[in-house]
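# Geometric and topological summary
Each chain is listed here by its residues.
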Amino acid sequence: MLRVAVIGSGPSGCYTAQSLVQQDSEVLVDVLDRLPCPYGLVRYGVAPDHEKIKSLQNNLRTVLEHERVRFFGGVQVGPGGVPATRLRELYHAVVYCVGAATDRRLGIPGEDLPGSWSATEFVSWYSAHPDSAPERFLLGARSAVVIGVGNVAVDVTRMLARGPAELSPTDMPQAALTSLAASRVTQIHMVGRRGASQARFTTKELRELGALPDTEVAVDPEELALDPGYLDPSGLPAAQRRNVEVLRGWAEAPAKGAPRRIRVRFFLRPVELLADAGRVGAVRFERTAPDGRGGVRGTGRFEDIEAQLVLRSVGYRGVPLEGLPFDPATGTVPHQAGRVLRDGVISPGEYVAGWIKRGPTGVIGTNRPCAKETVTSLLEDAPVLVHEELPGDPLTALRAEGIEPVEWAGWQAIERAEAELGASLGRGVVKLPDWESLLSAARSDAS
Ligand code: NAP
């Protein structure tokens, strides 16, 4: 009987487990995660106010509750935990679904000034990621600059513009709610280095900015008009054409004088973060212009935008996992239809799916066909792999080595503790924000 370990319980890990049990009626799957909680970026990346996307957890739950799937939380793979080589001894096959764990850097002076954060740090904080420190993101901030025009940039812009009445019903941790509710940020600048027709956000997400209470969205018509794609949208793909139409609507609308203002800016490339009394005080941008090949060139003209808070939202990046090959150019593991390649040669029994396989792009659903491709490869290889002799139940072996996973009952105890915490605060479910409270809740499980 085939035994498979899936490393990572985000969408790509869960879809991999689902595809395995659907396509093979005997396979046994263990889904391991570094965190005691499942669901990866659905729990720790999807914005708290995106209830509908978050409800995908219910689909992922049915996968992890399948009779031939087990969840092992709190298990680190790699240094300080279970080495990749040990996993290969315990399982016939291992599928790495570890995502893209870090953020891309801008590589400009001042990037690390106090008050400048990666968007992922900010997202982790309001999503209650246990590795997130209790930072004071909003300290003294009145004006914020968000660098990048992808969906993460839209998420963090929207969260900065939300008021307490909208944040309170979410599962956001109490400290983040208190801090955001007291925010004095009234100006948020979301800035792209290329034109409106080249922005990466999707129209549904973009439109939400226009529907925020007490907030207006401003777009400079002259800045839009620098973009040939905006002037003649007929050649654009439908998604970009819709984005351009939404932006055009905002550019043409009269100012409302709302208490909060989001300015969407284009053709501005960040060149430096400027300090004011030891913290970030402004971002210096160079005005860019289309280079005729889809990129931009500098113009030698500069503009400073005041900001006491800077969120760099320029994409994620995969990190190397000890014991696995890695291509630093793409931040992914080299593979052929999901089979890991070592020095260009297929490494039997090792697979990848999700962002570590194809890079940090696409929506949650993109992980379904991606996982299916990997599982198809794995099951083609299974007749050979299944002949390898295993030492028995991997859980017994892990425990003998001092590793005590948080199993499904432990996760359910965390869920109960989060419901109780919410009730005590007069809110719905409220997430536990630190390792200690998560692990003590998990260990309180009555099993
Ligand atoms: P993204 O879509 O790749 O956007 C990155 C943005 O950063 C782009 O505007 C890019 O501009 C800009 N950028 C990159 N390097 C830069 C630099 N050095 N200086 C200035 N700007 C720079 O990444 P993301 O927003 O992190 O999203 C990652 C994935 O998650 C995407 O597939 C996204 O759709 C998905 N996601 C989806 C949702 C949702 O569906 N609600 C929510 C969050 C995330 P260029 O285009 O010029 O490179």
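As the structure is a computational prediction, the values presented were derived from the model and not from experiment.

What counts as what
Residues numbered from 1 in each chain as written. Predicted model: local features only at pLDDT ≥ 70, side-chain atom pairs only at ≥ 80, totals over all residues. Heavy atoms only, no water. Axes fitted to C-alpha atoms, helices over the stretch in contact; angles between N-to-C directions. Helix = DSSP H or I, 4+ residues; strand = E, 2+ residues; numbered from the N terminus. Left-handed = near helix turned anticlockwise from the far one by under 90°. Contact = heavy atoms within 4.5 Å. Nonpolar A, V, L, I, M, F, W, Y, C, P; charged D, E, K, R; others polar. Core = buried A, V, L, I, M, F, W, Y, C linked by side-chain atoms within 4.5 Å. Buried < 20%, exposed > 50% of the residue type's maximum accessible area, 1.4 Å probe, protein only. Pairing = 2+ DSSP bridges. Salt bridge = Lys/Arg side-chain N within 4 Å of Asp/Glu carboxyl O. Domains from an automatic or database assignment. Buried area = accessible area lost by both parts, 1.4 Å probe. 1 Å grid on protein atoms, 1.4 Å probe; cavity = no way out; pocket = protein on both sides within 12 Å on 5 of 7 lines; lining within 4 Å. Points joined across faces, edges and corners; volume = space filled by probe spheres on them.

With that out of the way, let us pick up the packing of helix H17 (residues 408-424) against helix H18 (residues 435-443). At a minimum axis distance of 7 Å, the contact between H17 and H18 shows a crossing angle of 115°. Considering how the two elements wind past one another, H17 and H18 form a crossing that is right-handed. Side by side, H17 and H18 meet where Gly410, Ala413, Ile414, Ala417 and Glu418 of the first sit next to Leu438, Ala441 and Ala442 of the second. For the contact of H17 with H18, the residue count by class is six nonpolar, one polar and one charged.

Our focus in this paragraph is the nonpolar core. Phe122, Tyr126, Met190, Phe201, Leu209, Leu247 and Phe266 are the most contacted members of the largest nonpolar core, which has 50 residues in total. Among residues more than four places away in sequence, those in contact with leucine 247 are Ala196, Phe201, Leu206, Val219, Leu224, Val264 and Phe266. Judged by nonpolar contacts, the second largest core, of 44 residues, contains Val21, Cys97, Ala371 and Leu438.

The next subject is the sheet that holds strand E13 (residues 296-306). Taken in spatial order, the three strands make up an open sheet running E11-E12-E13, and their pairing is antiparallel. The open sheet is flanked by strand E11 (268-276) and E13, the only strands paired with a single partner. Taking each pair of neighbouring strands and ignoring which way they run, the sheet shows an average axis angle of 25°. Bridge count between strand E12 (residues 279-290) and E13: eight bridges; the pairing is antiparallel. By the bridge assignment for E13, valine 283 is matched with isoleucine 305.

Let us now look at the pattern of salt bridges. Taken as a whole and assessed by the stated rule, the structure comprises 31 salt bridges. With a closest N to O distance of 2.8 Å, aspartate 131 and arginine 34 form a salt bridge. With aspartate 131 in the loop between helix H6 (119-126) and strand E7 (143-147) and arginine 34 in the loop between strand E2 (28-32) and helix H2 (40-44), this residue pair connects regions lying 97 residues apart in the sequence. Exposure remark for aspartate 131: the relative accessible area of 44% places this residue in the partly exposed category. Measuring nitrogen to oxygen at the nearest pair gives 2.7 Å for the salt bridge that ties glutamate 415 to arginine 61. Residue glutamate 415 is located in helix H17, and its partner arginine 61 is located in helix H4 (residues 57-64); the two are separated by 354 residues in the primary sequence. Taken together, the salt bridges that share partners define one network made up of Asp49, Asp155, Arg158, Arg162, Glu166 and Glu208.

Moving on: unusual backbone geometry. Positive phi is not limited to glycine here, since tyrosine 39 has a value of about 90°. Assessed through its relative accessible area of 0%, tyrosine 39 is described here as buried. Notably, aspartate 214 is not glycine yet its phi reads approximately 60°, a positive angle.

Looking now at the pairing of E11. Bridge count for E11 against E12 is eight bridges, and the pairing is antiparallel. Across the sheet, arginine 269 pairs through a bridge with glutamate 286, a residue of E12. Linking two consecutive strands that pair antiparallel, namely E11 and E12, is a turn of two residues; a positive phi of about 50° is found at alanine 277 within it.

Looking at the assigned domains, one finds that the protein contains domain 1 (3-101 + 318-405) and domain 2 (104-315). Between domain 1 and domain 2, the C-alpha centre-to-centre distance is 33 Å. Listed as interface residues are twelve residues of domain 1 and, on the opposing side, 17 residues of domain 2. Where domain 1 abuts domain 2, roughly 1200 Å² becomes buried across the two surfaces, and 55% of that area is made up of carbon and sulfur atoms.

With that settled, consider the layout of surface pockets. Size it by volume and the second largest pocket reaches roughly 350 Å³. Elements represented by at least two residues in the lining of the second largest pocket include exactly helix H3 (51-54), H4 and H17. For the lining of the second largest pocket, the residue count by class is four nonpolar, five polar and eight charged.

Within the sequence span of helix H10 (residues 203-210), burial applies to Thr203, Glu205, Leu206, Glu208 and Leu209. Buried residues along H10 sit in contact with H3, helix H7 (151-161), strand E8 (187-191), strand E9 (215-219), helix H13 (238-252) and strand E10 (260-265).

This part takes up the sheet that holds E2. The mixed open sheet is built from seven strands, whose spatial order is E3-E2-E1-E4-E18-E17-E16. The open sheet has two edge strands, strand E3 (69-72) and strand E16 (335-336), and neither has a second partner. Relative to strand E18 (residues 345-352), strand E17 (residues 339-342) runs antiparallel, the two sharing three bridges. Its bridge partner being in E18, leucine 341 is matched across the sheet by isoleucine 346. Against the sheet, helix H15 (residues 367-385) engages strand E1 (3-7), strand E4 (93-96), E17 and E18, with an angle of about 115° to E18.

In this structure, asparagine 243 sits in helix H13. Excluding residues that lie within four positions of it along the chain, asparagine 243 makes contacts with Ala199, Phe201, Thr202, Thr203 and Leu206.

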